[in-house]
Amino acid sequence: MSGSIQDTFFEECEELLEATDEGLTAIEGGDHDPEVVNAIFRAVHSIKGGAGAFGLDDLVAFAHRFETVFDEVRSNRLDLDEKLIQLLLRSSDQLSALVEVARDGGEIDEAHNDTLLAALDEYIPEEEEDLTFEPMGLGGPAPMMDLGDLGGAPAEPQEETYRIRFQPLKEMYGTGNEPFFLFQALKDLGELTVTMDENELPGFDAMDMAEAYLAWDLVLVTKETRSKVEAVFEFVEGLCELSINGDGDAEAEANALAALDAMFAAPPAADAAAAPEGEAPAAPFEPPVPAPEPEAKPAAAEEKASAPKAESGKQEQRGGPKPTLRVELERVDRLINAVGELIINHSMLAQQIANLNVSDTRDVETELEGFKNLARDIQEGVMAIRAQPVKPLFQRMARIVREASAATGKTCKLVTEGENTEVDKTVIERLSDPLTHILRNAVDHGVEKPEDREAAGKSKVGEIRLSASHRSGSVCIEIKDDGAGVNRPRVKQIAIEKGLIPENAELTDGEIDNLLFAPGFSTAKEISNLSGRGVGMDVVKNAVTGLGGRINISSAPGKGSTFTIILPLTLAVMDGMVVSVADQTMVVPITSIVETMRGSDDMINSLGADGTLLSIRGNFVPICDVAGALGLYRESDQQAGVYLLVETETGQRCALAVDDIHDQRQVVIKSLDGVCGEIPGVAAATILGDGKIAMILDPESIIAASPTAAAFDTERRMSNAS
Amino acid sequence: MKTKVLAIDDSRTIRNLLAATLEEAGFEYHCAVDGREGVDMYPDVDPDVVITDINMPNLDGFGVIEELRGTGINSKVPILVLTTESAPELKARARGAGATGWITKPFDDASLIFALKRVTGAAA
């Protein structure tokens, strides 16, 4: 687990180093904006913080020095002259080098490192250095906590009774500290008896809410060290009157004093990194180091001094970070393409073997099957390289919702589901804009104002649910709000005003909702600068279809709207059914096919002048002749006798009539972009086993263009409604 | 009911470390990437305890404490600050603003849980 977090750390380092470089380059170019300096300070500070967590002492020490100089700069105590800028640039390079060594192993150029450290030191005022390297704690007793441990550790733990008097000052209550919780923490250490002292409590009339009157007397019997007991009160130190008296106190104090000496004798550089909180022995990232004996001063010092050298060994012990490799995206894509060709190649080979006049091809087929499986494995492997969880994208969306809520004066919360769903990197990148737009829309137009929500009996806070899931070979992203739903009369009116539909158009609810995606449509009465910007939902739809996906909206008045985006898992390969239509071979995406059947005459019924319906188990489904939809003419007298039952996202079913079904196989998607213009009904192309090009059909747009399907759909809805 | 933690830190590494430790220990973990986001998220998350970094863009840790203590929504929520060095003046300033306690980076699981125990009474 810590390995993967360490991976993240190194990835984050890359970004932080980049930010540092960028900032320094800006400074070198004359930009002395305080925010630039601040940003660098934070970046270096973050590197230090993370490095500390993984015990990367060299890195911590260098980052600390670097950061301190920057702190001087941002506090205007140091001028950014040419000499300093050059030093900072070299230091930034050294920081990169140290990160690299920490990650990949290797040698640090100690001499160079020391030179730079010394040069940085020259810019750090003396007292500053002392202050930051102070061992720890808020002045007094905090260091004692550590020391108690150091002093008391060697002895066999013995039960001891502590009598504790605890009287909070009124200031304590302003910091969110609660006596009750402190007692609970004490109770973890041993047997605790609590007695409340309310003697100072005045009469009711004299009582002041802001005053503190109560005190407690506690008796704790524990085998834990005194430092553990004191540590419980660390946060309230100075905010209460506290006395802790143990049985064997005199001895413990002597040990503590000796340990205090040992501590200050240690070289300061190691302290910042090597002195954790009081409970050091439990530290998961450090190999167990025996508590140094207080009297063994030199040993303790030596241990710390040798820590940096031991670092590489320490890393091995932890198994080291999981190595990652940054690869240009283009190389991965080349691989994906090659795998695609491999799959095509397999199909060709299989076909040619089938064409050979050999009686027994069983052995070859077995090998061929193996070939196919390997090709699939490689393909999945390559796809996994590009797959990323949608979590970061979703997290960004939470921010979008917050911003949008603030800008509109509404209160919305975003609930996310399926954040670990993995999707192709390009898909994630290109989803960001459409999702942003939909979410802003949901806040702006979907969710009502708090007072309206209350009036409608809803919670004041609007809920927008963003979910991702894998659904039969596709990725499904859903954005669901609990707002007012689509205002259908208004949408229809606008569509008529804008000439998108004729005035007397009879539309189903679903069709009205989907008008939102029509080019140039915007329901906002005035273009708000949030979801407006002259960009409509048509842009969202284009972005989604550009990814080979579909988007659909469903809405219930008063209850909210749901946008559903269905995307292919990968942009490179898909499962398709190879069919023939009017002597041409075509591919229909498997994901859209519900079932296939061979039709007989008695299953066909006519509707109107030239519409036909297919009767399936008592239900009627409009038939859409693919050849007709694509404008193809059959030369032979072959009939379309095979039906692919497909279902659109609106739940509309349609039977695509084709001539025959040949095969079901994986095909490599070859985009037609730049080859020819958009062909209605055709999504892309592929190369089949025989080397021929076949069009990949888009059933949705074929159905949309089919008059029978549209007429039937309207009729069906009307009869449902009545 | 799980104890809800809202962690505010601009470092992904620290957020991941906190998430790993806290989720394993049974806390409900929420995080924000800077002070502004943390304060904005606060009402939604309604945490039992806030852990915040000091050095952050947009709104720093002191700002977070001041805003949360100033809201009056829950001016008593425990707030722990994350500090790299245990620089006394940082702690004093944080406490002056109303911080409940602090966690020194690098932290280990035990000290993190112990700090939470002392301000929420919960080990999870």
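Residues numbered from 1 in each chain as written. Chains lettered and ligands numbered in written order. Predicted model: local features only at pLDDT ≥ 70, side-chain atom pairs only at ≥ 80, totals over all residues. Heavy atoms only, no water.

A separate point is the sheet that holds strand S8 (residues 462-471) of chain A. Residues and elements named next belong to chain A. In spatial order, the strands read S6-S8-S9-S11-S10; together these five strands make up an open sheet with mixed pairing. Looking along the sheet, the strands with just one partner apiece sit at the ends: strand S6 (412-417) and strand S10 (550-556). Averaged over all adjacent pairs, the angle separating strand axes in this sheet is 15 degrees, with direction ignored. Two elements, S10 and strand S11 (residues 560-568), share seven bridges in a ladder whose sense is antiparallel. (Pairing = 2+ DSSP bridges. Helix = DSSP H or I, 4+ residues; strand = E, 2+ residues; numbered from the N terminus. Axes fitted to C-alpha atoms, helices over the stretch in contact; angles between N-to-C directions.)

Axis angle and axis distance: for two packed helices, these are the angle between their axes and the distance between the axes, and together they describe the pair. All names here are of chain A. Interhelical geometry of helix H17 (residues 425-446) versus helix H21 (residues 537-546) gives an angle of 150 degrees and a closest axis separation of 9 Å. Put simply, H17 runs roughly antiparallel to H21. Regarding H17 and H21, the two cross each other, and that crossing is left-handed. Across from Arg430, Pro434, His437, Ile438 and Asn441 in H17, the residues of H21 making contact are Met537, Val540, Ala543, Val544 and Gly546. For the contact of H17 with H21, a count of residues per class yields six nonpolar, three polar and one charged. (Parallel < 35°, antiparallel > 145°, perpendicular 65-115°, else oblique. Left-handed = near helix turned anticlockwise from the far one by under 90°. Contact = heavy atoms within 4.5 Å. Nonpolar A, V, L, I, M, F, W, Y, C, P; charged D, E, K, R; others polar.)

To continue, consider the pattern of salt bridges. Residues and elements named next belong to chain A. In the structure shown here, the tally under the stated rule is 29 salt bridges over all chains. Here Glu14 ties to Arg103 by a salt bridge, and the two come within 2.6 Å at their closest N and O atoms. Here Arg103 lies in helix H4 (residues 82-104) and Glu14 lies in helix H1 (residues 2-28), a separation of 89 residues in the sequence. In this structure, Glu224 engages Lys228 in a salt bridge whose closest nitrogen and oxygen atoms are separated by 3.5 Å. Residue class for Glu224 comes out partly exposed when judged on its relative accessible area of 31%. Each of Glu448, Arg453, Lys458 and Asp482 takes part in one network of salt bridges that share partners. (Salt bridge = Lys/Arg side-chain N within 4 Å of Asp/Glu carboxyl O. Buried < 20%, exposed > 50% of the residue type's maximum accessible area, 1.4 Å probe, protein only.)

As a further point, take helix H9 (residues 179-187) of chain A. All names here are of chain A. By the burial criterion, the buried members of H9 are Pro179, Leu182, Phe183, Ala185 and Leu186. For H9, the buried positions fall inside an angular range of 155 degrees around the axis, keeping them on one side. With respect to the buried face of H9, the exposed residues turned more than 90 degrees away are Phe180 and Lys187. (Arc of directions from axis to C-beta.)

Looking now at a nonpolar patch on the surface. The grouping of A:Leu201, A:Phe204 and A:Met207 at the surface amounts to a nonpolar patch, some 330 Å² of accessible area in total. Along the chain, A:Met207 falls in the loop between strand S2 (190-197) and strand S3 (215-222). (Patch = residues over 30% accessible without salt bridge, like charges linked within 9 Å, V, L, I, M, F, W, Y side chains within 5 Å. Areas by Shrake-Rupley, 256 points an atom, 1.4 Å probe, with all protein chains shown as cover.)

What follows concerns the environment of A:Met597. Secondary-structure assignment places A:Met597 in strand S14 (residues 593-598). When neighbours within four sequence positions are excluded, A:Met597 is seen to be in contact with A:Met603, A:Leu614, A:Ile616, A:Gly641, A:Val642, A:Tyr643 and A:Leu645.

A few words now on the nonpolar core. Counting 89 residues, the largest nonpolar core has B:Leu18, B:Leu22 and B:Ile51 as the members making the most contacts within it. Once residues within four sequence positions are removed from consideration, B:Leu22 is found in contact with B:Val5, B:Phe27, B:Tyr29, B:Ile51, B:Leu112, B:Ile113 and B:Leu116. Judged by nonpolar contacts, the second largest core, of 46 residues, contains A:Ala468, A:Ile479, A:Val486 and A:Ala495. (Core = buried A, V, L, I, M, F, W, Y, C linked by side-chain atoms within 4.5 Å.)

All names here are of chain A. Relative to strand S22 (residues 693-697), strand S21 (residues 682-687) runs antiparallel, the two sharing five bridges. In the sheet register, Val682 faces S22, and the bridge partner there is Leu697. Two successive antiparallel strands, S21 and S22, enclose a turn made up of five residues, where Gly691 displays a positive phi of approximately 85 degrees.

Do not read the predicted coordinates in detail wherever pLDDT is low. All names here are of chain A. In this model, chain A carries an average pLDDT of 75, and 78% of its residues clear a pLDDT of 70 or more. Per-residue pLDDT stays below 50 along residues 128-155; that stretch engages in 60 contacts with residues further than four places along the chain or on separate chains. Across residues 266-320 the pLDDT falls below 50, and counting only partners more than four positions away or on other chains, this stretch makes 69 contacts in the model. (pLDDT = per-residue confidence, 0-100.)

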